[in-house]
Structures are given as structure tokens and as C-alpha cells.
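# Report on the structure
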Amino acid sequence: MGNTLTCCLSPNASPKRGRRSGSAEPDYESEVYEAAAGDPVAASAAPAAPESSELDVGAGDGHHLQHISDREMPEELALESNPSDHPRASTIFLSKSQTDVREKRKSNHLNHVSPGQLTKKYSSCSTIFLDDSTVSQPNLRTTIKCVTLAIYYHIKNRDADRSLDIFDERSHPLTREKVPEEYFKHDPEHKLIYRFVRTLFSAAQLTAECAIVTLIYLERLLTYAEIDICPTNWKRIVLGAILLASKVWDDQAVWNVDYCQILKDMTVEDMNEMERQFLELLQFNINVPASVYAKYYFDLRSLADDNDVIFMFAPLNKERAQNLEAISRLCDDNDYKDICRAAMRRSFSADNVIGIQRSNAIIS
């Protein structure tokens, strides 16, 4: 109160993005896969942060204090520019894929390429087609294919080759087999990335939701640490994102030693160090809002449509309609809503939902 106004202002309020960390150097070999050639794109300059203004406050004291709107603006802009934090920001992978999509459509138009037989089914007055993938229960196979396609476009259309030693396979190989230097000069094909991720998800029995969270952490890492995913680091970055996503999303997470059973030439010490530095580069920000998760899910569906990734459609029959009606009535129950909201919290125990029966419904 009175004519004196006090305010606490930290000059480092917004998270610092350009953090770099050191790493241990265990000596292991990496796995050899065939890869396709690709050229990196020149790096683009990052936009400068807006300057803040001052406001003269007080009677005779001459206080020069920053206006509250000016203080909050840089952090708000930083969040809006980061798709892994803000639901209104466009996902990076979708924007990187648009160049290839436009070139493909232009080439088909100039060469008069026929679209061929239509594989997508559309609903009519007499028949309604639904697929088996939803926001809450995505299809595992299709989701992994879309996520790996997003990683492929990240590598193919990267800005530069900025990296960190902890993610570099040349310093921290995944297997003892000798990898030729030529392997790191070409971009991996989509089928190689898909095979690598599918193997990890199958062995660790991870869910489709975990794949979406993996992509969110991957884009958050690239934004916070200001690095690029490239042929030398994509496996370790993807592995670190999967490891972290499985621990955050699943109540019964896979331990690091279990991943060492999948990647037999990788040690627990190396896995722990990579996880520690991954968390530090994320500023320990592992929160994934529901709006951000939903945005990534629907952008992955858009990516699937642009790249002819087929979802399995089936007609809505009487049994599926009854299941849909049953799950709708169940969702109207207030007690069920409260339990579902509590189940979204990571600390919520699975023991509290024993006795709740869910209908086997497929909603789209």
C-alpha cells in the first residue's frame, strides 16, 4: 500500500535454451544398418527476444519498474513458439513434412500420375466407417509408423548437424560391431527408423500413447537444447525419449537394466548418464498437457493422410453401436469422471481403479 511499489523480477525467468552438458565416454560399438543418402539444409537464425520496457512508478521516489505485461511477454512468446509446451504452436514435424508433400503432389500433377485405386473408405447414408484408433486408445502399429515418419522428416529436413557428445554414436556406440564412417554420412530410411522403434516397443511392451509422448519429448529436446537430430545421434536421442516417456507415462515402467537386455552391448551406466543429461536438457520439464497430447495425435493423423498411411476402417455394426452407447452412458457417470481425472495423474495408483469395468468399445 502507499506510494511505494515493490516487485521481484528475475532476469532469468524464462528457461535458457542453449544449455550444453558434458558426458562420460564408455567404449561400445553401434549396430550397422543400411541408410539412404540425404543433404542437410542450411541452419536458420533464431529470432531475437523482444526488448522490455520500463514504467516510472511512485511519487518522488523515481522507481523504474518493468510493467507486468512486459515481464510476462518473453516467456509467453517462448511457450507459444515451442509446440511441445503450447497447444497453439504448430508441431515441428508437420511443418518439415510439408515441403516433401507439396513436391510429391506437384510431381504427380506434372507427370499426370493417377492416384490409383482409392483405399480410404467414406461413410454414406447407409454405412458408417470407423477406424480402431482414438485419442485415448491409438492403434499401436499405425502410431509407431506415424511417429517414425515424423522422426524421418526431422532428420531429412534438419537445419544443421548440431549435436551433443552424449547422443553421438561415434563416441557412444550401441553395439561392439565396427560401424563404417560412411554410415553416418547418409540419412536413414523410414523403414530403418520404424524397425528400430518397433523392436524397442515390442520388447518393452510399450503402448501407443507412449510413442506420442516420445515424439513430444524429442521435439522438446531439440527446441530446448538447440540441437538437430541427424544420422550420428538419432538412435540415442530416440532411445532417450522412449526411456523417459515409458517412465513418465506407464505406472509399471521398464527399468534401464531391462533396456540393456534389449541392447545387449549397452551398459547401465551409459543408459543412466544419457537419461540424466536428457532430463537436464529438458530443464526437468516432463509435463505433457492433455491439449498438447491431443494436438500431436491429430497432427500425426494429418501426417498419415499426407503420406498414404492407411488406418483400418470397419463398418459400424449393431454390436459396435451398442458398445458405443454403453461407453457413452458410462462416461456420463460423475463418479467415473472423477476416477478418470485422477487416473491421469502419474502418482495415481492402479489399485484405486480395481472393480471398474470398461466396455470394449472402439470409438473414432
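Here's a quick rundown of the structure. Small disclaimer: the values here were computed from a predicted structure and weren't measured. (Residues numbered from 1 in each chain as written. Predicted model: local features only at pLDDT ≥ 70, side-chain atom pairs only at ≥ 80, totals over all residues. Heavy atoms only, no water.)

### With respect to the overall build of the protein
How we decide: Here a helix means four or more residues in a row that DSSP labels H or I, a strand means two or more in a row labelled E, and each is numbered from the N terminus. Whether two residues touch is decided by their heavy atoms; if any such pair falls within 4.5 Å, the residues are in contact. Note that accessible areas follow from Shrake-Rupley with a 1.4 Å probe, and for residues the cover is restricted to the protein chains shown.
Within the protein, the regular secondary structure consists of 11 helices and 4 strands. In the protein, the share of contacts with a sequence separation of at least 24, taken over all contacts with a separation of at least 6, comes to 83%. Of the accessible surface of the protein, which amounts to about 20900 Å², a share of 52% is contributed by carbon and sulfur atoms.

### Thoughts on unusual backbone geometry
Stated precisely, the cut-off is as follows: Between buried and exposed lies partly exposed: a residue is buried under 20% and exposed over 50% of the maximum accessible area for its type, with that area taken using a 1.4 Å probe on protein chains only.
One non-glycine residue with positive phi stands out, namely Gln283, at about 60°. Taking relative accessible area as the criterion, Gln283 reaches 29% and is therefore assigned partly exposed. Positive phi, close to 60°, is recorded for Phe284, a residue that is not glycine. Relative accessible area serves as the criterion here: at 55%, Phe284 is assigned to the exposed category.

### Notes on the packing of aromatic side chains
How we decide: Pairs were defined over the aromatic rings of Phe, Tyr and Trp, the Trp ring being its six-membered one, requiring ring centres within 6.5 Å. Orientation was assigned from the angle between planes: stacked under 30 degrees, edge-to-face over 60, tilted for the rest. Criterion for a charge above a ring: Lys NZ or Arg CZ within 6 Å of the ring centre, and within 35 degrees of the ring normal.
In the structure shown here, the tally under the stated rule is 7 aromatic pairs. Centre to centre, the rings of Trp249 and Tyr293 are 5.7 Å apart; their planes meet at 10°, and the pair counts as stacked. One end of the pair, Trp249, is in helix H6 (residues 234-249); the other, Tyr293, is in helix H9 (residues 290-306), with 44 residues separating them in the sequence. Ring centres of Tyr297 and Phe298 lie 5.0 Å apart, and the angle between their planes is 80°; this geometry places the pair in the edge-to-face category. The exposure class of Tyr297 is buried, given its relative accessible area of 5%. For Phe298, a relative accessible area of 45% corresponds to the partly exposed category. Its guanidinium or amino end placed over the ring of Tyr194, Lys145 lies 5.9 Å from that ring's centre, counting from NZ or CZ.

### Quick word on the side chain of Asn157
In this fold, Asn157 is placed in the loop between helix H3 (140-156) and helix H4 (190-204). A relative accessible area of 17% means that Asn157 is categorised as buried. For Asn157, the residues in contact, after removing those within four places along its chain, are Lys96 and Asp100.

### Some details on the packing of helix H5 (residues 208-225) against H6
Let me state the cut-off plainly: The axes are straight lines fitted to the C-alpha atoms, using for helices just the contacting stretch, and the angles between their N-to-C directions are given from 0 to 180°. Oblique is the label for every angle not falling under 35 degrees (roughly parallel), over 145 degrees (roughly antiparallel), or within 65 to 115 degrees (roughly perpendicular). Here is the rule for handedness: rotate from the far helix to the near one, and if that takes an anticlockwise turn smaller than a right angle the crossing is left-handed, while a clockwise turn gives right-handed.
As a packed pair, H5 and H6 sit with axes 8 Å apart at the nearest point and diverge in direction by 125°. On the basis of their axis angle, the class for H5 and H6 is oblique. The chirality of how H5 crosses H6 is right-handed. For the pair formed by H5 and H6, the contact residues are Glu209, Cys210, Val213, Thr214, Tyr217, Leu218 and Leu221 on the first element and Ile237, Val238, Ala241, Ile242, Leu244, Ala245, Ser246, Val248 and Trp249 on the second.

### Quick word on the side chain of Thr148
As a reminder of what qualifies: Residues adjacent in sequence count toward polar contacts only when both atoms are side-chain atoms; beyond that, a polar contact is any pair of N or O atoms within 3.5 Å, and within protein one must be able to donate a hydrogen and the other to accept it.
Tracing the chain through its elements places Thr148 in helix H3. The buried category is assigned to Thr148, whose relative accessible area is 0%. Within the structure, Thr148 has its side chain in polar contact with the backbone oxygen of Lys145 (distance 2.9 Å). Within the structure, the side chain of Thr148 is placed 3.0 Å from the side chain of His190, a separation counted as a polar contact.

### Focus: the pattern of salt bridges
Condition: The rule for a salt bridge is simple: a side-chain nitrogen of Lys or Arg has to be within 4 Å of a carboxyl oxygen of Asp or Glu.
Under the counting rule described, the total for this entry stands at 13 salt bridges. For the salt bridge of Asp168 with Arg170, the shortest nitrogen-to-oxygen distance reads 3.1 Å. Arg170 gets classed as partly exposed once you look at its relative accessible area, which sits at 46%.

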